[in-house]
Amino acid sequence: MDGKEYCEYVSKTAPRTSELKTLLAAFCVGGVICMIGQGFTDLYTFLLPDAEESMLGALTSMTMIFIGALLTGFGIYDKIGGVAGAGSIVPITGFANSIASPAIEFRKEGIIFGLMAKMFVIAGPVIVTGVVSSVIVGIIYRIIAVV
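Not measured: the values here are computed from a predicted model.

A. Summary view of helix H2 (residues 19-47). For H2, which comprises 29 residues, the first-to-last C-alpha distance of 42 Å matches the rise-based estimate of 42 Å (1.5 Å per residue) to within 8%. Taken together, the buried positions of H2 are Ala25, Ala26, Gly30, Ile33, Gly37 and Tyr44.

And the structure:
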């Protein structure tokens, strides 16, 4: 089977999706997740009026990561992802889901070789890419700042 035949086969057998419906669901669910995060920021601002903005952001991030991991543990986040698609992976809760899912899936293999080894299967490359690109940007910024 060559590339053209394969493309024809895929177009015949792949389920049809409504792009508008998919985009709308992703936009709405991603927006709701972000609104919940903003609600936590507002709550922490009210409860801790003297806190710095970076502290409020850290508290909100930790809360959203905890909620994402908790919902993943109960199997709810996968259902949200089934409806929302990419809308559920863009916010920080998607990061929590990408770490918690493999850890839950491989927990039967033991703590070291299952849970800890598989926890960063999906998130690991993202973390490495973020660290490496931040170092590169820092070096470029330093070179520009010196000149």
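B. Seen up close, the side chain of Thr72. By the element assignment, Thr72 lies in helix H3 (residues 53-73). A distance of 2.8 Å separates the side chain of Thr72 from the side chain of Asn97, its partner in a polar contact. In this structure Thr72 touches Tyr77, Asn97, Ala100, Ser101 and Ile104, once residues within four positions along its chain are discounted.

C. Region of the structure containing the state of the cysteines. As enumerated under the stated definition, the model contains 0 disulfides in all. The thiol sulfur of Cys28 is not disulfide-bonded, and the nearest other cysteine sulfur, from Cys34, lies at 12 Å.

D. Structural detail: the packing of H3 against helix H5 (residues 92-105). Direction vectors running N to C along H3 and H5 enclose 40°, while the axes themselves pass 8 Å from each other. Considering the angle they form, H3 stands oblique to H5. Crossing geometry of H3 relative to H5 is assigned as right-handed. Here Ser61, Met64, Ile65, Gly68, Ala69, Thr72 and Gly73 of H3 come into contact with H5, specifically with Ile92, Thr93, Ala96, Asn97, Ala100, Ser101 and Ile104. Class assignment of the residues belonging to the contact of H3 with H5 gives a composition of 7 nonpolar, 7 polar and no charged.

E. Region of the structure containing H3. Under the 1.5 Å per step criterion, the end-to-end length of H3 is 30 Å for 21 residues, consistent within 8% with the ideal 30 Å. On its buried face, H3 sits against H2, helix H4 (76-84) and H5. Residue Gly75 follows H3 closely and has a positive phi angle near 80°.

F. Representation of the side chain of Asn97 in the model. Position of Asn97 relative to the elements: it lies in helix H5. For Asn97, the contacting residues outside a window of four places in its chain are Thr72, Tyr77, Asp78 and Pro102.

G. Quick look at the environment of Leu20. Mapped onto the fold, Leu20 is located in helix H2. When the C-alpha atoms of Leu20 and Leu59 are compared, they prove to be 35 Å apart, with 39 residues separating the residues in sequence.

H. Structural detail: a nonpolar patch on the surface. A cluster of nonpolar residues, Ile65, Ile92, Phe95, Phe120, Ile127, Val131, Val135, Ile139, Ile143 and Val147, forms a patch on the protein surface that exposes about 870 Å² of accessible area. Listing elements by their share of the nonpolar patch, those giving two or more residues are H5 and helix H7 (123-146). The leading source of residues in the nonpolar patch is H7, at 5 residues. Along the polypeptide, Ile92 turns up in helix H5. The class for Ile92 is partly exposed, based on a relative accessible area of 33%.

I. Spotlight on the environment of Leu48. Within the secondary structure layout, Leu48 lies in the loop between H2 and H3. On the basis of relative accessible area, Leu48 is assigned to the partly exposed category, the value being 37%. Residues Leu48 and Ala84 lie 36 residues apart in sequence; the distance between their C-alpha atoms is 33 Å. Leu48 has contacts with Leu56 and Leu59, leaving out every residue within four places of it along the chain.

Conventions we followed
Residues numbered from 1 in each chain as written. Predicted model: local features only at pLDDT ≥ 70, side-chain atom pairs only at ≥ 80, totals over all residues. Heavy atoms only, no water. Helix = DSSP H or I, 4+ residues; strand = E, 2+ residues; numbered from the N terminus. Expected span 1.5 Å × (residues − 1). Buried < 20%, exposed > 50% of the residue type's maximum accessible area, 1.4 Å probe, protein only. Polar contact = N/O pair within 3.5 Å; in protein donor to acceptor, adjacent residues only side chain to side chain. Contact = heavy atoms within 4.5 Å. Disulfide = S-S within 2.5 Å. Axes fitted to C-alpha atoms, helices over the stretch in contact; angles between N-to-C directions. Parallel < 35°, antiparallel > 145°, perpendicular 65-115°, else oblique. Left-handed = near helix turned anticlockwise from the far one by under 90°. Nonpolar A, V, L, I, M, F, W, Y, C, P; charged D, E, K, R; others polar. Patch = residues over 30% accessible without salt bridge, like charges linked within 9 Å, V, L, I, M, F, W, Y side chains within 5 Å. Areas by Shrake-Rupley, 256 points an atom, 1.4 Å probe, with all protein chains shown as cover. Salt bridge = Lys/Arg side-chain N within 4 Å of Asp/Glu carboxyl O.

Fair warning: the whole summary comes from geometry, so function is off the table for now.
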